[in-house]
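The lines below spell out each chain.
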There are 2 protein chains.
Amino acid sequence: MMTLSSAGVLHSEPGALQLAQAIAGTEGVELTGVYAHCGNTYSCKGAEQIQAVAKETTNFVLDFMEKLRAVDITCKSSIGSTPSCSHPVKDMSKLDEVHPGNYVFYDVQQSTIGSCCLDDVAVRVLTRVIGHCPHRNQLLIDCGWSGISLDGAGKLPTGYAVIEGHPNLKLLSMTQEHGRVEPISGSLDYSKYPLGSLLTLIPYHSCATTMMHPVYHVHSGGHLLGKWTPTRGW
Amino acid sequence: MMTLSSAGVLHSEPGALQLAQAIAGTEGVELTGVYAHCGNTYSCKGAEQIQAVAKETTNFVLDFMEKLRAVDITCKSSIGSTPSCSHPVKDMSKLDEVHPGNYVFYDVQQSTIGSCCLDDVAVRVLTRVIGHCPHRNQLLIDCGWSGISLDGAGKLPTGYAVIEGHPNLKLLSMTQEHGRVEPISGSLDYSKYPLGSLLTLIPYHSCATTMMHPVYHVHSGGHLLGKWTPTRGW
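Given the structure is predicted, the values throughout are model-derived calculations rather than measurements. (Residues numbered from 1 in each chain as written. Chains lettered and ligands numbered in written order. Predicted model: local features only at pLDDT ≥ 70, side-chain atom pairs only at ≥ 80, totals over all residues. Heavy atoms only, no water.)

**Examining the side chain of Ser-146 of chain A**
- With respect to the element layout, Ser-146 of chain A can be found in helix H5 (residues 145–148).
- For Ser-146 of chain A, the side chain forms a polar contact with the main-chain oxygen of Gln-176 of chain A, separated by 2.7 Å. (Helix = DSSP H or I, 4+ residues; strand = E, 2+ residues; numbered from the N terminus. Polar contact = N/O pair within 3.5 Å; in protein donor to acceptor, adjacent residues only side chain to side chain.)

**Here's the deal with the environment of Ile-202 of chain B**
Residue and element names in this part refer to chain B.
- Examined against the element boundaries, Ile-202 turns out to sit in strand S9 (residues 198–203).
- Remark: the alpha-carbon pair of Ile-202 and His-223, spanning 21 residues in sequence, is separated by 19 Å.
- When neighbours within four sequence positions are excluded, Ile-202 is seen to be in contact with Val-108, Leu-118, Val-121, Val-123, Arg-124, Ala-161, Val-162 and Glu-164. (Contact = heavy atoms within 4.5 Å.)

**Some thoughts on the domain arrangement of chain A**
- Domain annotation for chain A reports domain 1 (14–101) and domain 2 (118–228).
- Of note, the centres of domain 1 of chain A and domain 2 of chain A, computed from C-alpha atoms alone, are 37 Å apart. (Domains from an automatic or database assignment.)

**Some details on the sheet that holds strand S6 (residues 161–163) of chain A**
All names here are of chain A.
- Reading across the sheet, the six strands line up as S6-S9-S4-S5-S8-S7 and stay open at both edges, with antiparallel pairing between neighbours. Since the sheet does not close on itself, it has two edges, and those belong to S6 and strand S7 (169–174), each with one partner. Shown here is a sheet whose adjacent strand axes are inclined to one another by a mean of 40 degrees, direction ignored.
- One ladder, built from five bridges, connects S7 with strand S8 (residues 179–183); its direction is antiparallel. In the sheet register, Leu-169 faces S8, and the bridge partner there is Pro-183. (Pairing = 2+ DSSP bridges. Axes fitted to C-alpha atoms, helices over the stretch in contact; angles between N-to-C directions.)

**Side note on the UniProt feature "domain: D-serine dehydratase-like" (unreviewed entry) in chain A**
- The feature "domain: D-serine dehydratase-like" (unreviewed entry), as given by UniProt, occupies residues 122–220 of chain A in the numbering adopted here.
- As a span, residues 122–220 of chain A carries 10% helix and 38% strand, and end to end its C-alpha atoms are 10 Å apart. (UniProt positions renumbered as here; feature names shortened; annotations may be inferred.)

**Digging into the packing of helix H1 (residues 14–24) of chain B against helix H2 (residues 47–70) of chain B**
All names here are of chain B.
- Contact geometry for H1 and H2: axes closest at 11 Å, N-to-C directions at 50 degrees. Classified by the interaxial angle, the pair formed by H1 and H2 is oblique. The interaxial crossing formed by H1 with H2 has right-handed handedness. Contact residues: H1 offers Ala-16, Leu-17 and Ala-20, while H2 offers Phe-64, Lys-67 and Leu-68.
- Residue classes in the contact of H1 with H2 are distributed as five nonpolar, no polar and one charged. (Parallel < 35°, antiparallel > 145°, perpendicular 65-115°, else oblique. Left-handed = near helix turned anticlockwise from the far one by under 90°. Nonpolar A, V, L, I, M, F, W, Y, C, P; charged D, E, K, R; others polar.)

**Topic: a nonpolar patch on the surface**
- There is a patch of nonpolar side chains on the surface, built from Tyr-103, Val-104 and Trp-228 of chain A and spanning about 340 Å² of accessible area.
- Residue position: Trp-228 of chain A is located in strand S11 (residues 223–228). (Patch = residues over 30% accessible without salt bridge, like charges linked within 9 Å, V, L, I, M, F, W, Y side chains within 5 Å. Areas by Shrake-Rupley, 256 points an atom, 1.4 Å probe, with all protein chains shown as cover. Salt bridge = Lys/Arg side-chain N within 4 Å of Asp/Glu carboxyl O.)

**Details of helix H2 (residues 47–70) of chain A**
Residues and elements named next belong to chain A.
- Taking 1.5 Å per residue as the helical rise, H2 with its 24 residues ought to reach 34 Å, and the 34 Å between its terminal C-alpha atoms agrees with that figure.
- Those residues of H2 not exposed but buried are Ile-50, Val-53, Ala-54, Thr-57, Thr-58, Val-61, Leu-62, Phe-64, Met-65 and Leu-68.
- Of the residues trailing H2, Asp-72 is marked for its positive phi of about 65 degrees. (Expected span 1.5 Å × (residues − 1). Buried < 20%, exposed > 50% of the residue type's maximum accessible area, 1.4 Å probe, protein only.)

**Topic: the packing of aromatic side chains**
Residue and element names in this part refer to chain A.
- What the rule picks out here adds up to two aromatic pairs over all chains.
- For the ring pair Phe-105 and Tyr-216, a centre distance of 5.7 Å and an interplane angle of 75 degrees mean the geometry is edge-to-face. With a gap of 111 residues between them, Phe-105 in the loop between strand S3 (97–99) and helix H4 (108–113) and Tyr-216 in strand S10 (residues 216–220) connect regions that are remote in the sequence.
- Given the relative accessible area of 15%, Phe-105 is considered buried. (Phe/Tyr/Trp six-rings, centres within 6.5 Å; stacked < 30°, edge-to-face > 60°.)

**Some words on the sheet that holds strand S1 (residues 33–37) of chain A**
Residues and elements named next belong to chain A.
- Strand order in the open sheet made by the three strands is S1-S2-S3, with parallel pairing throughout. The sheet terminates laterally at S1 and S3, the two strands that pair on one side only. On average, adjacent strands in this sheet sit at an angle of 20 degrees to one another, irrespective of strand direction.
- Relative to S3, strand S2 (residues 76–80) runs parallel, the two sharing three bridges. In the strand pairing of S3, Ser-78 is matched with Glu-97.

**Describing the pairing of S1 of chain A**
All names here are of chain A.
- The side-chain alternation of S1 yields one buried face, formed by Val-34 and Ala-36, and one unburied face, formed by Gly-33, Tyr-35 and His-37.
- The pairing of S1 with S2 spans five bridges and is parallel. Counterpart to Val-34 in the pairing with S2 is Ser-77.
- The handedness of the S1 to S2 crossover, carried by H2, is right-handed. (Right-handed = clockwise from strand over helix to strand, strands pointing away.)

**With respect to the side chain of Thr-200 of chain A**
Residue and element names in this part refer to chain A.
- Tracing the sequence through the fold places Thr-200 in strand S9 (residues 198–203).
- Look at Thr-200 and you get buried, because its relative accessible area is 19%.
- What Thr-200 contacts, discounting residues up to four positions off in sequence, is Arg-124, Val-125, Leu-126, Val-162, Ile-163 and Glu-164.

**Thoughts on unusual backbone geometry**
All names here are of chain B.
- Backbone geometry places Ser-81, a non-glycine residue, at a positive phi of 100 degrees.
- Checked against the element boundaries, Ser-81 lands in the loop between strand S2 (76–80) and helix H3 (82–86).
- A relative accessible area of 3% places Ser-81 in the buried class.

**Quick look at the pattern of salt bridges**
Residue and element names in this part refer to chain B.
- Tallying each qualifying case throughout the model produces six salt bridges over all chains.
- As a salt-bridge pair, Asp-91 and Lys-94 come within 3.3 Å of each other at their nearest N and O atoms.
- By relative accessible area, Asp-91 is classed as partly exposed at 22%.
- Residue classification places Lys-94 among the exposed residues on the basis of a relative accessible area of 54%.
- A salt bridge links Glu-164 to Arg-124; the nearest nitrogen and oxygen atoms lie 2.8 Å apart. Linking Glu-164 in the loop between strand S6 (161–163) and strand S7 (169–174) with Arg-124 in the loop between helix H4 (108–113) and strand S4 (125–133), this pair joins segments that are 40 residues apart in sequence.
- Using a relative accessible area of 30% as the deciding quantity, one classes Arg-124 as partly exposed.

Next comes the structure, spelled out in structure tokens:
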């Protein structure tokens, strides 16, 4: 069962219980759990709205678990979505598990929903200034969509990412290997961005960005602590 | 020098020769070559238009090489873009090298430009039918944008990919892990697409798709010949 519109049977429909019974009653198959991804938290703004959805989703799942128990089916209960797990409600403690999404990284999108603030975001893509284009009032950087993804479609006021420490810069567009950076207003002071200097991109969507990289460099306090190789699942 | 609008100095501007001279005259730095990416081939349709651009680009580069020789600078010459290298013109043999882009795979985009035909495309993403959604006249598949990318923006008549052997199917939309497939016209015959059956996606843009996968399975005549691990460059 999923409450996300992508798949599954709605908890409120008779088919949901029938499906659970069919699975549980099939030899060689085990019904391990009920999971709801409350994707509707993505249209929330702020903790209050997020918690209202988290509460509703939790109640739906717990109610459905009651229906299962009434027909002698026991299995695990779980809900997910980064926003709901970032602002948990009390009843979520009655669930067996939660799927807290990309909270390990967070991203600019989550900060716009209100799951976190921008300071909580723990993922960056480093890129170098590789060109000055004064005829276009732009910088060229060596990060394109194969480094940070097209997710977010450039709809942030700062384009495809937030450029840390430079609130007036916008990642306007990208080719596969390059990005074009321009000021939101005014003229670029090229002396501030010499060729070879580093810019630090905070991604719009960390899931999409981290998909692009086979290794993550983990650091704290300026020290490299290790390299993480993500499991891709295929 | 690049003729692509993303970067560089136009070959026709005095600054181009001055830049080459400045590089060649700097101690510890070697000018290795002149490269032009004729990205304007991407707006072509068919071999004739592509060859016109390939010829123009080649001439620009060869003319610039003459200017370099006149000031005693020697270096390599090269042009790129998948379309131009797919339909080479005679004068390209005077270049030192070409950068033939994604010809090793090709993709649906290249077939729409006329670089290749759809039968030439050598990359596929396999996905399974994991859901029947008769209330939406859709199939659910286990390939989302983290398997094939959002490149192409779904603008093909068949959506985000071509589904091999099923010209009436459209990859309508994707979440991170799932895709929604529906018929271009008519009702889905679900008996043709049992749960667990494989569908074969031909990607719109092979560069973007192959970025998503850490390993490629290479096969011929139904036999797996090896696994390729791509070099990411970072």
